[in-house]
Amino acid sequence: MYDIPYFKAGHPEEVLSYMKAHPFALFCGVDSNRKPVVTQIPVLFEHRDEKLFLQGHFMKKQDHTNAFMQHPDALVVFTGAHTYISASWYENKQTASTWNYQSVQASGVIHFQDASFLLNLITRLTENFEAPGSPSLVQKMDPAYVQQMMQAIVAFEMEVISVRHVFKLSQNRDEKSRENIISRLSEQGGDSIEVARAMEGGNKINP
């Protein structure tokens, strides 16, 4: 990870909030031949005994599922909007352009769970991501269909052992340059606007 002291959140709670705002996480591990495996899935967060746990499910008979069953250590990446930052927006234009983004890496050990845990998990997943009263809530589905679906997936829980992050939002630029970057990004669409908003609400400028 690109780990520079001034590209950090102002408070640890900001890091957790970012993770929860971007729950479609990238799980990285290795298979039996030590080759990398990666997959993206939505996760739920649970706080228990002052510890943070990630919960989710994988489809069975997939390379990443088989890999984590053999080597349960995982690195989980949470990331979102990112955008190019042109040096032409700086007061000093004779310097390198760059990229602004936010990213969090959580590491831990995956523990696979039983059918009871899985049913509770998929119920809470739909409650979390579906609109209230949605006909697609698990509790409103045909139980036979739910049981059939569950045969193809397996639930897991991962205690988060360590968290690292980088919130690279031009904190190393002078105030006028930073204001100009925000203005230029705000004129664009998509990710650029989200990064501009993060810069506006982010860390104070570092010297």
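For the structure itself, consult the block above.
Thresholds applied
- Residues numbered from 1 in each chain as written.
- Predicted model: local features only at pLDDT ≥ 70, side-chain atom pairs only at ≥ 80, totals over all residues.
- Heavy atoms only, no water.
- Helix = DSSP H or I, 4+ residues; strand = E, 2+ residues; numbered from the N terminus.
- Buried < 20%, exposed > 50% of the residue type's maximum accessible area, 1.4 Å probe, protein only.
- Contact = heavy atoms within 4.5 Å.
- Areas by Shrake-Rupley, 256 points an atom, 1.4 Å probe, with all protein chains shown as cover.
- Phe/Tyr/Trp six-rings, centres within 6.5 Å; stacked < 30°, edge-to-face > 60°.
- Lys NZ or Arg CZ within 6 Å of the ring centre and 35° of its normal.
- Pairing = 2+ DSSP bridges.
- Axes fitted to C-alpha atoms, helices over the stretch in contact; angles between N-to-C directions.
- Salt bridge = Lys/Arg side-chain N within 4 Å of Asp/Glu carboxyl O.

1. Some remarks on the overall build of the protein chain
Helix and strand counts for the protein chain stand at six helices and seven strands. Taken from N to C terminus, the helices and strands of the protein chain fall in the order α-β-β-β-β-α-β-β-α-α-β-α-α. With the C-alpha coordinates of the protein chain rotated into their principal frame, the extents come out at 65 × 45 × 30 Å. Here the protein chain, with 207 residues, has 41% of them falling under the buried criterion. The contacts of the protein chain with a sequence gap of at least 6 include a subset with a gap of at least 24, amounting to 72%. Counting only carbon and sulfur atoms, one obtains 52% of the accessible surface of the protein chain, whose full area is about 11,500 Å².

2. Digging into the packing of aromatic side chains
Under the defined criterion, the tally for this structure stands at ten aromatic pairs. When the ring of Tyr 6 is compared with that of Phe 7, the centres are 4.8 Å apart and the planes differ by 80 degrees; the resulting orientation is edge-to-face. Between the aromatic rings of Phe 45 and Phe 78, the centroid separation amounts to 5.9 Å while the plane-to-plane angle is 35 degrees, which identifies the pairing as tilted. Of this pair, Phe 45 sits in strand S3 (residues 44-48) while Phe 78 sits in strand S5 (residues 73-85); the two residues are 33 residues apart in sequence, bridging distant segments of the chain. With a relative accessible area of 18%, Phe 45 lands in the buried category. Look at Phe 78 and you get buried, because its relative accessible area is 0%. When the ring centre of Tyr 90 is taken as origin, the NZ or CZ atom of Arg 173, which lies over that ring, is 4.1 Å away.

3. Brief notes about the sheet that holds S3
The strand order across the open sheet formed by seven strands is S2-S1-S5-S6-S7-S4-S3, and the pairing between neighbours is antiparallel. One side of each edge strand has no neighbouring strand; the edge strands of this open sheet are strand S2 (36-42) and S3. This sheet shows a mean twist of 35 degrees between the axes of neighbouring strands, independent of strand direction.

4. Considering the environment of Val 195
Within the secondary structure layout, Val 195 lies in helix H6 (residues 191-200). Assessed through its relative accessible area of 3%, Val 195 is described here as buried.

5. Observations concerning the pattern of salt bridges
Tallied over the entire structure, the rule returns five salt bridges. Among the salt bridges present, the one from Lys 8 reaches Asp 3, with a minimum N-O distance of 2.6 Å. Asp 3 gets classed as partly exposed once you look at its relative accessible area, which sits at 41%. Residues Arg 164 and Asp 3 are paired through a salt bridge, measuring 3.3 Å at the closest nitrogen-oxygen approach. Linking Arg 164 in strand S7 (residues 153-168) with Asp 3 in the segment before helix H1 (12-21), this pair joins segments that are 161 residues apart in sequence. According to the relative accessible area criterion, Arg 164 is partly exposed, its value standing at 37%. Within the structure, one salt-bridge network assembled from shared partners comprises Asp 3, Lys 8 and Arg 164.

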